[in-house]
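# Structural features, examined
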Amino acid sequence: MRSHYCGEVTEDLLDEQVELSGWVHRRRDHGGVIFIDLRDREGLIQVVFDPDESAAFQTADTVRSEYVLQIRGRVRRRPAGTENPELKTGQVDVYGQAIEVLNEAKTPPFQLTDTDVGEDVRLRHRYVDLRRPVMQQRLRDRARVTSAMRRFLDDQGFIDVETPMLTRATPEGARDFLVPSRLHAGSFYALPQSPQLFKQLLMMSGIDRYYQIVRCFRDEDLRADRQPEFTQLDIEASFVDEDQIMGLMEAMIRQLFRQILDVELPDPFPRMRYAEAMDRFGIDRPDRRIPLELVEVADLVTDVDFKVFAGPANDPKGRVAALRVPGGGEALSRGAIDDYTDFVARYGAKGLAYIKVNDPAQGREGLQSPILKFLPDAAVTGILERTGAEAGDIVFFGADKASVVNDALGALRVRLGHDMGLVADGWYPLWVVEFPMFEYDEQDQRYYSLHHPFTAPQVSDAASFRNGDPEQMLSRAYDVVLNGTEIGGGSMRIHNAAMQWAVFEALGIDAEQAREQFGFLLDALEYGAPPHGGIAFGLDRLVMLMTGAQSIRDVMAFPKTQNGSDPLMEAPAPVADTALQELHIRLRRTVNSGSE
RNA sequence: GGAGCGGUAGUUCAGUGGUUAGAAUGCCGGCCUGUCACGCCGGAGGUCGCGGGUUCAAAUCCCGUCCGCUCCGCCA
């Protein structure tokens, strides 16, 4: 049926007979001669039909876009002057001698060469969308990435072990997807949010080095980089410490970039403490392509009459920070500043104070700002000195609870970086380390794990853990950040039952709950659990970055829309009453399915 | 749960109260022997997302609703 891929027909095959199969990419009918660009996954080749080959010519006259053809012909050098340097196969064409229509095709819902087709249309006809070379390339790059990962990990002695998809709901963390049990009336499986506990159990099972490229499920609202089902590269190892894991993992990422993109990443990856990341960038996944940084100025405004600044400056949970934007005083209009004010409001900021710096040498006269009149000279000069403001700059301020300032200015920093064209080219990987163990939830009046409840604290014995201040306690967790996207995260785990009990206690999980929900883990920890730790990478996000895609939907073959539905399969869908009965389920309300 | 943007021809879009709703591209027909975004001529193609309201008159204004995208919350 086929002797070569279309995209492989080059001068090497001159004068040879070839058989090709593929789709009609374009047809150009000149009356006396018909050109068909035949496309398969490897590329395009031009096939020429001439009236001398009467039967083939007549068939070629009837074919249309996306018809599936098999053709036979001879590879010829193109006449001088008609070569197409745009095509890999552009030095030759195929003189078509026979053509068979393997299948006709309706006119496609969109042109494959269009680049800005609506995503709903693309998803509904995904099988057409995926024929586009850019989508083919992304899927192939993804396959190369997973293949390279497997090669690396296999070489390092990691063992690929599958873990269950039907498992148990977990109380902490994301909302679970539930699967009703037919055999256990009223009970439910949950799809795994990640194989976290299974991989720890595998360490206790003596597997020593585990990995899995595994689907994970979280029933939360979607984003450009979040899907209800997504893929992790999940890894765990025993008898190692965090430096060994980080060292091995960054070696893997370096090899990946070398092999797939021919890019050399730094060795080692830089590391930054969580606290420093928050101070300087307002976020735990700083994008180091952007040179702007937050600067703390609370100590300069503790005594000013301006309550907007003085309040947070004197509040232990408050923060007053400045963000200097070089050239921003000249570049940003009043309207642009208003837009940024609206932008930071999304993160809870009540306003966006600023000082335009026209000429710092002139003191107050050289400045322009609605808040200038509230600030004494000492504060103003202190701010200008500390931020290093120069003529033409603008300095923005955030003053509020630290979390609001960090969210707002952290996001503004990224936004301004893009708007002002300050984003550097290239790849900036970064380890973020020394995360807090816990964060306090005001609403629930309790602590939650920043990572997860199995993360080891930096203190090594349960007694000193219990004596510690949960606010100050640090964990042995680490995240990998690439260009402002968290691509992976992990930690050393608790491998000692007493410590695990103590952490549950700190989280307000009482003994009965702990037994009921995590009894198996607590037991396993008492049967000889080795020290262990690991990491999980978000494969979709990593491939998105590596391929330059704007959303992880573009690196998944069949993604869901923002409301979690699949326009192609039309999932989710109602099921028959009999199916519900078998599952011991009655709907609370008759739901209008719209499918009747 | 909330905010913003969008929904008009197959597709991408224009059309801010008043003629028969347009353009590009695609599609169909005709012509064309070297094009490759082929060209030229002609043609077909519309539930202006859906429902209600205001008005002499609604794609256009108002209310509701559905769908898509981006973001906040959420996502250990």
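## Section: the packing of helix H10 (residues 334-345) against helix H12 (residues 402-419)
Orientation of H10 relative to H12, taken along the N-to-C sense of each, is 140 degrees, at an axis distance of 9 Å. Judged by the inter-axis angle, H10 sits oblique to H12. Seen from above, H10 lies across H12 with right-handed handedness. Note on element contacts: H12 touches H10 through Ala408, Ala411, Leu412, Arg415, Leu416 and Asp419, opposite Tyr340, Phe343 and Val344. Counted by class, the contact of H10 with H12 contains seven nonpolar, no polar and two charged residues.

## A few points about the domain arrangement of chain A
Split by domain assignment, chain A resolves into domain 1 (6-103), domain 2 (118-239 + 530-596) and domain 3 (290-423). On a C-alpha basis, the centroid separation for the pair domain 1 and domain 2 is 41 Å.

## Some points on the pairing of strand S18 (residues 438-441)
Relative to strand S19 (residues 446-449), S18 is paired through four bridges, and the arrangement is antiparallel. For Glu439, the partnering residue across the bridge sits in S19 and is Tyr448. Linking S18 to S19, which pair antiparallel, is a turn of four residues; within it Gln445 sits at a positive phi near 55 degrees.

## Topic: the pattern of salt bridges
Going through the model one piece at a time under the given rule, you end up with 45 salt bridges. Among the salt bridges present, the one from Glu242 reaches Arg476, with a minimum N-O distance of 2.6 Å. Here the residue Glu242 occupies a position in helix H6 (residues 242-261), and Arg476 occupies one in the loop between helix H13 (462-467) and strand S20 (477-482), the gap between them amounting to 234 residues. For Arg476, a relative accessible area of 26% gives the class partly exposed. Note that Arg386 is salt-bridged to Asp299, the shortest N-O span being 2.8 Å. One end of the pair, Arg386, is in helix H11 (residues 377-387); the other, Asp299, is in the loop between strand S12 (294-296) and helix H8 (307-314), and 87 residues separate them in sequence. Residue classification places Arg386 among the partly exposed residues on the basis of a relative accessible area of 37%. The exposure class of Asp299 is partly exposed, given its relative accessible area of 47%. What emerges from the salt-bridge pattern is a single network uniting Arg122, Arg126, Asp129, Arg132, Arg138 and Asp554.

## Some points on the protein's contact with RNA strand B
RNA strand B sits among 51 residues. The nearest are Asp29, Thr82, Leu450, His451 and His452. The contact atoms of RNA strand B, taken as those within 4 Å of the protein, divide so that sugar and phosphate hold 52%. In this structure, a base oxygen belonging to RNA strand B sits 3.2 Å away from a side-chain N or O atom of Asn84. In this structure, Gln562 approaches RNA strand B through a main-chain N or O atom, which is 2.7 Å from a phosphate oxygen. Elements supplying a minimum of two residues to the surface near RNA strand B: strand S1 (17-29) and helix H2 (119-124). For the surface near RNA strand B, the leading source of residues is S1, giving three residues. When grouped by side-chain class, the residues that make up the surface near RNA strand B number 10 nonpolar, 21 polar and 20 charged.

## What to know about the sheet that holds strand S2 (residues 34-40)
With mixed pairing, five strands are arranged side by side around a closed barrel as S1-S2-S3-S5-S4. Sheet twist, expressed as the mean angle between neighbouring strand axes with direction ignored, is 55 degrees. For S1 and S2, the ladder comprises six bridges, and the chain directions are antiparallel. Of the residues in S2, the one forming a bridge with Trp23 is Arg39. Each of S1, S2, strand S3 (43-49) and strand S5 (92-103) touches helix H1 (residues 54-62); the most contacted strand, S5, lies at about 65 degrees to it.

## With respect to the side chain of Thr89
Position of Thr89 among the secondary structure elements: in the loop between strand S4 (68-77) and S5. From its side chain, Thr89 meets the backbone oxygen of Leu44 in a polar contact 2.6 Å long. With near-sequence residues (within four places) excluded, Thr89 lies in contact with Cys6, Gly7, Val9, Leu44 and Ile45.

What counts, and at which threshold
- Residues numbered from 1 in each chain as written.
- Chains lettered and ligands numbered in written order.
- Predicted model: local features only at pLDDT ≥ 70, side-chain atom pairs only at ≥ 80, totals over all residues.
- Heavy atoms only, no water.
- Axes fitted to C-alpha atoms, helices over the stretch in contact; angles between N-to-C directions.
- Helix = DSSP H or I, 4+ residues; strand = E, 2+ residues; numbered from the N terminus.
- Parallel < 35°, antiparallel > 145°, perpendicular 65-115°, else oblique.
- Left-handed = near helix turned anticlockwise from the far one by under 90°.
- Contact = heavy atoms within 4.5 Å.
- Nonpolar A, V, L, I, M, F, W, Y, C, P; charged D, E, K, R; others polar.
- Domains from an automatic or database assignment.
- Pairing = 2+ DSSP bridges.
- Salt bridge = Lys/Arg side-chain N within 4 Å of Asp/Glu carboxyl O.
- Buried < 20%, exposed > 50% of the residue type's maximum accessible area, 1.4 Å probe, protein only.
- Near = heavy atom within 4 Å.
- Polar contact = N/O pair within 3.5 Å; in protein donor to acceptor, adjacent residues only side chain to side chain.

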